[in-house]
Structure formats: C-alpha cells, structure tokens
Protein chains: 2
Amino acid sequence: MDQNKKDRLERAGWRVGNAEDFLELTPEEAAFVELKLALAHFLRDVRVQQGWTQAQTAKRLGSSQSRFAKMEAADASVSVDLLVKSLLGLGATREQVGEVIARAA
Amino acid sequence: MDQNKKDRLERAGWRVGNAEDFLELTPEEAAFVELKLALAHFLRDVRVQQGWTQAQTAKRLGSSQSRFAKMEAADASVSVDLLVKSLLGLGATREQVGEVIARAA
DNA sequence: CAAGTATATGTCCGATCCGACATAATCGCA
DNA sequence: TGCGATTATGTCGGATCGGACATATACTTG
C-alpha cells in the first residue's frame, strides 16, 4: 500500500497495519498464523509445481476441491495437522516442512 | 529387544518390528507420527529446561495437567496445532519449531 | 515402607474440524 | 464479450479434539 492511500485511510479513521495489529493478536498467535500461512503457501507452490488443479489434488488426497481451496487460503477451519498431512501426501518431506516453518516469510 | 525374544514371538505368530511396520503405516503416516513425536519431545525439553512441572505449565497455557501429559506423550488425541501453540506459548520461536520438525530424530 | 509430589491413563461432553455439496467469483482464451 | 475451466465461499452433519475430572502409577524423601 502506498503512503498516500495509507494517509487517506488514516484521516478517515482507519488504522492501517499488519494483521497482528488489526486483529490484536498476541505474539504467539501471530507466530502461529504466520506458520499456517507459510504452510498454505508452500502447499500451493507444491501443487502448482506439479501442474495439478485443486480438484485433482484434492481427489488424490481423498478430500474435496473446496476444502483444498481453504487449505491454500489458510482458512480458519483448516488445521495445521491437515496442512502437514496434505503436504506429506503430495510428496513433501518432513525436512521441507520444517524448513518452510522455520524460514518462510 | 533381544534376538531370542524376537524369535520366540515370531514363532508364536507375532510380527516384530518398528511402529511403522506394526501399525502398517504408509510412509506419509510414519513421517507425520515422527513429526509429532519430535514436537512432543521438544515440548518436554522446553518445560524441563524451564524447571516447571506439567501442572504448572498446563496452568500457564490454560490447560490441564492430564492434557499436557498427553501432549508430551504425543497421544493420538493431541493435534499438531495444540503442540505448536503450546510451544509458542512457552516461548519457543517459529524457527525453533521448524528446526525441530526438520531435523529431530 | 509411608506420605507427598509428579506424571500417566481413561472418560465425558462441548467445541472445533473436515469432507461434501451448492453456488459464486475469477481466470483463460477465442 | 462469452464460455468453459478453475478457484473461492458458505453451510451442514458426522468425526475428531481438548479441557476437565477421577484415578492410577511412578518418583522422592524421610
């Protein structure tokens, strides 16, 4: 977001910041959300890298396209368990999962 | 287990091997279990390192001693979400969590 | 061994999660 | 723009999870 837009929003009474500020997350909660987002993005990367659609990938994992979309979106209804199991199911290694958690943005 | 006992059990119709063999886990399932065990052990390490009992630590996290015991035991009723949230709640970083997942035995 | 402390195990029930379906929104391309 | 393919969103019922309690087992110290 550019500075002008930020200024305009703030003049209009909005607070502009990151998700942690907006949702008033504690540091732990923020770290947990970041971790989930990192896994979700990696899941998308793996799928796209392998050249599959959400529907194909979901089927392969015994799930549905809609749930897989929520996984990639790190939806609140998706657990870290499901993300990790899905990644492993698509061939990612435990080492890769750990690396993503440790170092992804 | 020594070889004699192994032989005796196998003569009696038992298959003796590791958890993956015994429970007939797929490689992904085995990797997931390993990942959970790594987090559970790390959780214990962190708690002991900080010099707390399970009861104290559980209270700090808003949980109960019994559930915390199950966490440390990587019980089937404990999710990776709970393990990760608890670790972050005890002060572990996302980086540490990732490292443990990537590299723990 | 006894008593006190710490950890482990089993169960219950309210809360959350997940696959499925329906449908909306978005993308890719002629 | 229009149409088929893909992705996103909302909801529901059954399945799993998690805090709590009771109680058992294991450790520690006298």
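Coordinates for the structure precede this section.
Throughout what follows, the structure given in this document is the object of discussion. (Residues numbered from 1 in each chain as written. Chains lettered and ligands numbered in written order. Predicted model: local features only at pLDDT ≥ 70, side-chain atom pairs only at ≥ 80, totals over all residues. Heavy atoms only, no water.)

1. Here's the deal with the side chain of Asp81(B)
Note that Asp81(B) resides in helix 6 (residues 80–89). With sequence-adjacent residues up to four places away left out, Asp81(B) is seen in contact with Phe32(A), Ser79(A), Val80(A) and Asp81(A). (Helix = DSSP H or I, 4+ residues; strand = E, 2+ residues; numbered from the N terminus. Contact = heavy atoms within 4.5 Å.)

2. Digging into unusual backbone geometry
Residue and element names in this part refer to chain A. With phi around 50°, Ala-74 is a residue other than glycine that occupies positive phi space. When you line up the elements, Ala-74 lands in the loop between helix 5 (65–72) and helix 6 (80–89). The buried category is assigned to Ala-74, whose relative accessible area is 16%. (Buried < 20%, exposed > 50% of the residue type's maximum accessible area, 1.4 Å probe, protein only.)

3. Thoughts on the relation of the copies chain B and chain A
Here the second copy of the chain follows from the first by a rotation about an axis and a shift along it. Superposing chain B onto chain A takes a rotation of 180° combined with a translation of 0.0 Å along the rotation axis, leaving an RMSD of 0.0 Å. Here the two chains are linked by the operation of a two-fold rotation axis. Across chain B, the rotation axis passes nearest the C-alpha of Gly98(B), at a separation of 2.0 Å. (Least-squares fit on C-alpha atoms with pLDDT ≥ 70 in both.)

4. Let's talk about the packing of helix 3 (residues 27–50) of chain A against helix 6 of chain A
All names here are of chain A. In contact at an axis separation of 10 Å, helix 3 and helix 6 are set at 30° when each is read in the N-to-C sense. One element, helix 3, and the other, helix 6, form an angle in the roughly parallel class. Seen from above, helix 3 lies across helix 6 with left-handed handedness. For the pair helix 3 and helix 6, contact is made by Phe-32, Leu-35, Lys-36, Leu-39, Ala-40, Phe-42, Leu-43 and Val-46 and by Val-80, Leu-83, Val-84, Ser-86 and Leu-87, respectively. Residue composition of the contact of helix 3 with helix 6, by class: 11 nonpolar, 1 polar and 1 charged. (Axes fitted to C-alpha atoms, helices over the stretch in contact; angles between N-to-C directions. Parallel < 35°, antiparallel > 145°, perpendicular 65-115°, else oblique. Left-handed = near helix turned anticlockwise from the far one by under 90°. Nonpolar A, V, L, I, M, F, W, Y, C, P; charged D, E, K, R; others polar.)

5. Here we look at the protein's contact with DNA strand D
In the vicinity of DNA strand D lie 17 residues, with Gln54(A), Ser66(A), Ser66(B), Arg67(B) and Ser79(B) positioned nearest. Of what DNA strand D places within 4 Å of the protein, 47% of the atoms are sugar or phosphate. The side chain of Arg44(A) places a nitrogen or oxygen atom 3.2 Å from a phosphate oxygen of DNA strand D. A distance of 2.9 Å separates a base nitrogen of DNA strand D from a polar side-chain atom of Gln65(A). Only helix 3 and helix 5 of chain A together with helix 5 (65–72) of chain B provide two or more residues apiece to the surface near DNA strand D. Looking at the surface near DNA strand D element by element, the count peaks at 4 residues for helix 5 of chain A. Of the residues that constitute the surface near DNA strand D, the class distribution is 4 nonpolar, 9 polar and 4 charged. (Near = heavy atom within 4 Å. Polar contact = N/O pair within 3.5 Å; in protein donor to acceptor, adjacent residues only side chain to side chain.)

6. Things to note about the nonpolar core
Within the largest apolar cluster, 44 residues are counted, with the highest numbers of intra-cluster contacts made by Leu39(A), Val97(A), Leu39(B) and Val97(B). Of all elements in the fold, only helix 3, helix 5, helix 6 and helix 7 (94–103) of chain A together with helix 3 (27–50), helix 5, helix 6 and helix 7 (94–103) of chain B reach the threshold of two or more residues within this core. (Core = buried A, V, L, I, M, F, W, Y, C linked by side-chain atoms within 4.5 Å.)

7. Some details on helix 3 of chain B
Here helix 3 of chain B contains 24 residues, and its C-alpha end-to-end distance of 35 Å stays within 8% of the 34 Å for a straight helix at 1.5 Å per residue. Ala30(B), Ala31(B), Phe32(B), Leu35(B), Lys36(B), Ala38(B), Leu39(B), Ala40(B), Phe42(B), Leu43(B), Val46(B) and Arg47(B) are the residues of helix 3 of chain B that are buried. (Expected span 1.5 Å × (residues − 1).)

8. A word on the protein's contact with DNA strand C
The environment of DNA strand C is formed by 17 residues, the closest being Ser66(A), Arg67(A), Ser79(A), Gln54(B) and Lys70(B). Atoms of DNA strand C within 4 Å of the protein belong to the sugar or the phosphate in 46% of instances, the rest to bases. Within the contact set of DNA strand C, a base nitrogen lies 2.4 Å away from a side-chain nitrogen or oxygen of Ser66(A). With respect to DNA strand C, the side chain of Arg44(B) contributes an N or O atom lying 3.2 Å from a phosphate oxygen. Of all the elements in the fold, those that place two or more residues in the surface near DNA strand C are helix 5 of chain A together with helix 3 and helix 5 of chain B. Take the surface near DNA strand C: its biggest share by element is 4 residues, from helix 5 of chain B.

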